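Take a look at the letters that make up each chain.
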Amino acid sequence: MNRALILVNITGLIIGISYGLHGPILPIFAKNVIGASYSELGLIGLANFVPYMFIPVFVGILLDKFNNGYLLAIGAAINSASIYLLSIAHSVPEIMGFRIMTGVAHAFFWPPCESIISKESTEKNRVRNISWFTMFFVLGFMIGPLLGTVFLEGEDITYRVLFQITAFILATAIVSSLLLSRKNRKVHHERFSLASLKEMKKFPELIILLIFCTSSFGIILSIYPAFLNDNGMSDTDILLLYFAFGVSRVVSLALAGKFSRRTSQTLIAATLAVSVGLALSAVSDSIIVYGIALVLMGFGFSIFFPLTLEIILSKTRKEISGKMIGAYETVFGIGWAVGPTIGGPITQSFGAQAPYLVFFVIGIGVTILAIISRKKLEPMREQRI
């Protein structure tokens, strides 16, 4: 593995740790300290994900024009500041404002990393390298909750102090990003264009699968911790459950290279696993069943990313790969925004279990679509167009 790939994996690990350290706690902080309702938790999640509906496509354009390492450093700096500001938040609108910053920062994280990996990889090892990067991020996301349990057991560590600690950890990613900038120099400049959005229209079935997966993921990130808390899970229980979630994701990504040999079958299994996990969440009354649900969803959410990105990149001209990565991440942002937008009001109106049942039903329909469209859910293995 070359130096650039090592640095991008280190950056992913650092950012993953920071996300795992504060992410599962934020909804609990908002509900128990700020007094947010489930609808407001949905709005907080929406504020986080809305920028990701628009910013990645523009970042994708920048990827083909500027040094990717510098863009990554900008994202790490904004992200660190946004998490530190959570420690001084006293209202839902304030949290929403700071989460908008986080959403913008996230758009400067994934696309540059994906672009760097794509440029440093061959077609043969691209799925493996993207999977390894994602695995390092998820490994960090798995370590973060364990660190959170250690910190929160300290008498002087409050949620607000935890956010400050997280911000300083994340800030170290600026260093690895700047080191990456020395390995990533632009050799050509593509003209400004939004044609990549039109290119994404070639993948309608894939877009539907992605929106279902990411909208479900958005609910798990923004609402699920508060749902667990209301169902008798303590802060430590919730962090341990998200640790199990992380373990499932790491194992899945470690095996992504093997799964890629049967891409369409794996994507079908992933949508089914997410659907079953959502259904189990709706009927669960124990930490063990919640753990099983999160393990299933961890597999589904994680394996989706490298396989769907490979399908798109394998059918895209290399000179516009940066723009396509941006457009691809924009689809992610749409899904992440849809989940909390729907999930919060459904919970508020019909009960805590309702969104998981609704998305379970949708998931079964999406799984059937994946079965019908399985031939279109395979990458172009012989050549790029």
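Novice: Account for empty space enclosed by the protein, with residues named and values stated.
Specialist: Inspection of the entire model under this criterion finds one cavity of 30 Å³ or more. For the largest cavity, the lining is made up of 35 residues, of which Tyr19, Asn48, Phe49, Leu221 and Trp336 are closest to its centre. Per-class residue counts for the lining of the largest cavity are 21 nonpolar, ten polar and four charged.

Novice: Account for the pattern of salt bridges, naming residues and giving values.
Specialist: Across all of its chains, the model carries one salt bridge by this definition. Its salt-bridge partner being Asp230, residue Lys31 comes within 3.1 Å of it at the nearest N-O pair. With Lys31 in helix α2 (residues 25-34) and Asp230 in helix α13 (residues 224-230), this pair connects stretches of sequence that are 199 residues apart. Residue classification places Asp230 among the partly exposed residues on the basis of a relative accessible area of 43%.

Novice: Could you give an account of the nonpolar core, naming the residues involved and the relevant values?
Specialist: In terms of nonpolar packing, the biggest core is built from 111 residues, with Ile95, Ile220, Tyr224, Leu228, Met297 and Tyr356 touching the most fellow members. Ranked by the residues each element gives to this core, the list is headed by helix α17 (residues 287-314), at 14 residues. Sequence-distant contacts of Ile220, that is, excluding residues within four places in its chain, are made with Pro225, Tyr242, Phe245, Leu278, Leu294, Met297, Phe301 and Tyr356.

Novice: Provide a residue-level description of the packing of aromatic side chains, including the pertinent values.
Specialist: In this structure the tally under the stated criterion is 23 aromatic pairs. Ring plane angle 85° and centroid distance 6.1 Å describe the contact between Phe227 and Tyr290, whose orientation is recorded as edge-to-face. Of the two residues, Phe227 sits in helix α13 while Tyr290 sits in helix α17, which places them 63 residues apart along the sequence. Per residue, the accessibility class of Phe227 equals that of Tyr290, and both read buried. Here a set of aromatic residues connected by ring pairs shows up, and it is made of Tyr19, Phe109, Trp110, Phe133, Phe137, Phe141, Phe305 and Tyr328. The ring centre of Phe141 lies 5.9 Å from the NZ or CZ of Arg249, which sits over that ring.

Rules used throughout
- Residues numbered from 1 in each chain as written.
- Predicted model: local features only at pLDDT ≥ 70, side-chain atom pairs only at ≥ 80, totals over all residues.
- Heavy atoms only, no water.
- 1 Å grid on protein atoms, 1.4 Å probe; cavity = no way out; pocket = protein on both sides within 12 Å on 5 of 7 lines; lining within 4 Å.
- Points joined across faces, edges and corners; volume = space filled by probe spheres on them.
- Nonpolar A, V, L, I, M, F, W, Y, C, P; charged D, E, K, R; others polar.
- Salt bridge = Lys/Arg side-chain N within 4 Å of Asp/Glu carboxyl O.
- Helix = DSSP H or I, 4+ residues; strand = E, 2+ residues; numbered from the N terminus.
- Buried < 20%, exposed > 50% of the residue type's maximum accessible area, 1.4 Å probe, protein only.
- Core = buried A, V, L, I, M, F, W, Y, C linked by side-chain atoms within 4.5 Å.
- Contact = heavy atoms within 4.5 Å.
- Phe/Tyr/Trp six-rings, centres within 6.5 Å; stacked < 30°, edge-to-face > 60°.
- Lys NZ or Arg CZ within 6 Å of the ring centre and 35° of its normal.

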